[in-house]
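Commentary on secondary and tertiary structure
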Amino acid sequence: MDLHETREDQAFRARVRAWFEENKPDKLETLEQRKAWHRKLYEAGFVGMGWPKEYGGQGARPMEQAIVAEEMARANAPGTINGLGIGIVGPTLIAHGSEAQKHRYIRKILTAEEIWCQLYSEPNSGSDLASLRTAAVRQNGHYVVNGQKVWTSQAHIADYAVLLARTNPEVPKHQGISYFILDMHGSGVEVRPLKQITGSSEFNEVFFTNVAVPAENLIGAEGQGWELAQTTLGFERGGNVLARVTRHKANLNRLIEVCQTLPRDGGTALDDPLVRQKLGRMLVEVEVLRYAGLRILSKLEKGQRPGPESSVDKLYYSEMDKRHQEMVQEILGPYGQLEEGLPPELELDSESLQGHEAGWAYNFLWSRAGTIYAGSSEIQKNIIGERVLKLPREPRADRMGGKGA
Amino acid sequence: MDFDFTQEQVMLRNLAREVLSQECPTRVVRQMMDDPVGFSEPLWQKLAETGLLGITIDESRGGQALGMVDQALVLEEMGRAVYPGPYFATVLLAASLIRAGGDRAQMDAYLPAIASGKLKATLATSEDTRTATGGPEGTALHARPLGGGYALSGTKRFVPFAHVADLLLVGARTTDSSDRRRGITLFAIERDTPGLKLTSNVSIDRTNKFSTLTLEEVRVDRDAIVGRVDEGWEVLRPTLQRAAVGASAEMLGAARKCLEMSVEYARVREQFGQPIGMFQAVKHACAEMLLEVENSHSATYYAAWALDADAPDAGVAASVAKAYVSGAAREVCGSAIQVHGGIGFTWEFDLHLYFKRAKHFEALYGDAEQRRELVLREVLASTAVPVLA
């Protein structure tokens, strides 16, 4: 057991930190500015770090990826913009795409010359994604797509998408799904921003009306879509485990500062034992997240894949964030709910992952998303129960031999 | 970056598990619960032979000179086996304190005797005044200079295995100081010293027997002082950090055992025609238990490593571990009873042994509230800590 950073990693961290100090941009307003920043990160070698070198990546170790992400969070620098493309689409194409598909799409994913989104969830297919109904019907050398997707991040700026659609309704639901590349600028694709409880629109609804998708845009074989979506493992693993902690801690440090100015009973909120207990609890829980992150990185560094255990990680940090945002609200009282008019000495000056200002109120509302997206807490607990603890699987109506959706 | 145990550490854990499963099954634990002495001398000698008593003591004094990670591995096994006896009191508390503050003569006198199983010892820290951090600020038991030595009077509470300890380590106030942590001096007092009185307590965890210790004009020489006069805090602080991590390891052991028992039970116990583990209500409870156990593992061993490595955040990490694991073990052991239903509430079923073991350590050496306060103070006071980096 040795949790020291190696000399090499320390030196690498120092270089990365210096780079961000020198290059961190002021606020990015436009998509073009964000693309330019992304390009700069790419040229510095900080994008697609885990990608194989032959595809323009760095073949970097998980620890190096984690260091860059952590330093980026530490500098409070804006992030990259093609996260889904780099995290999911690229690796999927590298693993399962045809040579022509790889040649056409991969390079521009890393450089963010083309932005990608992921068309998975549907209004009636959330946790039960395999029940999706968007149909792709083969006609004269292309597929005709009709249906609707929801919770699509980046759809409003995306050039391309990966799409899960049903090509065969006559077989059990998991077997009738195919995986496509879809041109988001094509005719019949309509993107509508989805306004969330935050008042902002990080997600979209996407509607398809007789969208023609060329047959060569099928990834893998027809009916293989579910398998591809399930088995795709990105190269960018472990990158976020420390960055998440750093970001969370920065907000917590700001909260402690605010507590030192917030008047309470003749003193400040920091004198209040109840407030202190909450701050102490949050500090403890986020430190534990850091230790657990180091444990994950240690595994990744040895070339072990985090299996279903990554469900433990996701379950913990998303539930933790929700708990902490509630405590922040308890400490700040009605100030915490202010979207406008918050005295400057109480403000949280941070950026959301989506690149806009995120105050206490926004973070509080946003925390409700974490335990729903990317596999809800209930789904994570099923995975932990069944695949880690080997508890018996639930009998499921949809696996009792019925037909597709 | 390597969070895994070394091969030697895995062997050490296996050794501890093997000795305890052979010599200390719950049948033996239950005998000791009913026994007024509460531990087995032959098993103590066995622990000496296997090197577990001298685990952190230097080699020249008959020990293995291993670190806190190794110590935590053994303590996790102790928790898992609900080992009844003065191991925590002697090996973790007393030996750590003597190593931290003892002079050469004290180390020569006590450490080889602990390693070889000849000497049992304990540390008395708690008094009636509850402090915000669980530290010794509330020490009221006082020592006044008398002749060439001191006379001690006062009361200590919850002194683990004092009734079998040959040597009692006691913190006493020698000077009234505005900084309540200053002015405390530590004394090593042999049990047959006149004026010592022990009153045994019966607590819910009968595998950990403790006593109230009363001192009435107990006279000791100057050479009984461990560390420097008035600066006992310097010796107590590292000892209490180790105690926090050691207690976390014990709770982790108890919690992990509870998780394993619950998962096993949920697989085989049937109601409504199916194993109860098939129901999400039970499955999800087990998943939450796993999360708490894995986080407790990360917290305990990170803190143990940080102490060994003398990392700048070692103090924070020890408190983080104790605060986190205290809550986690409470949840896990409690859920275990719930998953088992009625059988888990019976005396004859072993589950309550682990539940109570975890509860014992939850309340001592800084409970979760006290450790949270300590974490906040350390974070506010220090810039060396990554939290404020």
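Overview of the structure. (Residues numbered from 1 in each chain as written. Chains lettered and ligands numbered in written order. Predicted model: local features only at pLDDT ≥ 70, side-chain atom pairs only at ≥ 80, totals over all residues.)

1. Thoughts on the overall build of chain A
Regarding its fold elements, chain A presents 11 helices and 12 strands. Against the 2.2 N^0.38 benchmark of 22 Å for 405 residues, chain A shows a C-alpha radius of gyration of 22 Å, consistent with a compact globule. With respect to the principal axes defined by its C-alpha atoms, chain A has extents near 75 × 45 × 45 Å. A buried classification covers 43% of the 405 residues belonging to chain A. (Helix = DSSP H or I, 4+ residues; strand = E, 2+ residues; numbered from the N terminus. Rg over C-alpha atoms; globule rule 2.2 N^0.38 Å. Buried ≥ 20, exposed ≤ 12 C-beta atoms within 10 Å, placed from the backbone.)

2. So, the overall build of chain B
Counting its regular elements, chain B contains 11 helices and 10 strands. Its C-alpha radius of gyration of 21 Å places chain B within 12% of the 21 Å reference for a compact globule of 389 residues. Its C-alpha atoms give chain B principal-axis dimensions of roughly 80 × 50 × 40 Å. By the burial criterion, 56% of the 389 residues in chain B qualify as buried. A separation of at least 24 residues holds for 74% of the contacts in chain B among residues at least 6 apart in sequence. (Contact = placed C-beta atoms within 7 Å.)

3. Quick notes on the interface of chain A and chain B
Opposite the 36 residues of chain A that make contact, chain B presents 39 residues. Those elements that provide at least two residues to the side of chain A that touches chain B are helix H7 (240–261), helix H8 (273–301), helix H9 (310–332) and helix H11 (377–388) of chain A. Of the residues in the side of chain A that touches chain B, the class split is 19 nonpolar, 7 polar and 10 charged. (Nonpolar A, V, L, I, M, F, W, Y, C, P; charged D, E, K, R; others polar.)

4. Side note on the packing of helix H3 (residues 62–74) of chain A against H8(A)
All names here are of chain A. Relative orientation of the contacting elements H3 and H8 amounts to 140°, with a least axis distance of 8 Å. On the basis of their axis angle, the class for H3 and H8 is oblique. Contacts between H3 and H8 involve Pro 62, Met 63 and Ala 66 on the former and, on the latter, Leu 297, Leu 300 and Glu 301. For the contact of H3 with H8, the per-class residue count stands at 5 nonpolar, no polar and 1 charged. (Axes fitted to C-alpha atoms, helices over the stretch in contact; angles between N-to-C directions. Parallel < 35°, antiparallel > 145°, perpendicular 65-115°, else oblique.)

5. What to know about the pairing of strand S7 (residues 203–214) of chain A
Residues and elements named next belong to chain A. Where strand S3 (residues 142–153) meets S7, 10 bridges bridge the pair, whose relative direction is antiparallel. Paired with Val 145 across the strands is Val 211, a residue of S7. In this sheet, S7 lies alongside strand S6 (residues 189–194) in antiparallel orientation, the contact comprising 6 bridges. Each residue of the ladder has a partner; that of Arg 192, found in S7, is Glu 205. (Pairing = 2+ DSSP bridges.)

6. As for the environment of A:Gln175
Residues and elements named next belong to chain A. Inspection of the secondary structure assignment puts Gln 175 in the loop between strand S4 (160–166) and strand S5 (177–183). Exposure remark for Gln 175: the 16 C-beta atoms within 10 Å place this residue in the partly exposed category. Separated by 35 residues in the primary sequence, Gln 175 and Asn 140 place their C-alpha atoms 23 Å from one another.

7. Description of helix H4 (residues 68–80) of chain B
Residue and element names in this part refer to chain B. Under the 1.5 Å per step criterion, the end-to-end length of H4 is 18 Å for 13 residues, consistent within 8% with the ideal 18 Å. The element H4 is largely enclosed, with a buried count of 13 among its 13 residues. Once H4 finishes, Val 82 follows within two positions and takes phi at roughly 40°, a positive value. (Expected span 1.5 Å × (residues − 1).)

8. Things to note about the environment of B:Ala368
All names here are of chain B. The topology assignment puts Ala 368 in helix H11 (residues 368–381). The class of Ala 368 is buried, set by 22 C-beta atoms lying within 10 Å. As a C-alpha pair, Ala 368 and Ala 323 span 45 residues in sequence and 4.0 Å in three-dimensional space. In this view, Ala 368 contacts Ala 323, Ser 326 and Gly 327; residues no more than four positions away in its chain are not counted.

9. Concerning unusual backbone geometry
Residue and element names in this part refer to chain A. You will see that Ala 112, though not glycine, has its phi angle at about 60°, which is positive. Within the secondary structure, Ala 112 sits in the loop between helix H5 (99–110) and strand S1 (116–119). Even without being a glycine, Ala 374 presents a positive backbone phi close to 55°. Summarising the element assignment, Ala 374 is placed in the loop between helix H10 (360–370) and H11. For Ala 374, a count of 11 C-beta atoms within 10 Å puts it in the exposed group.

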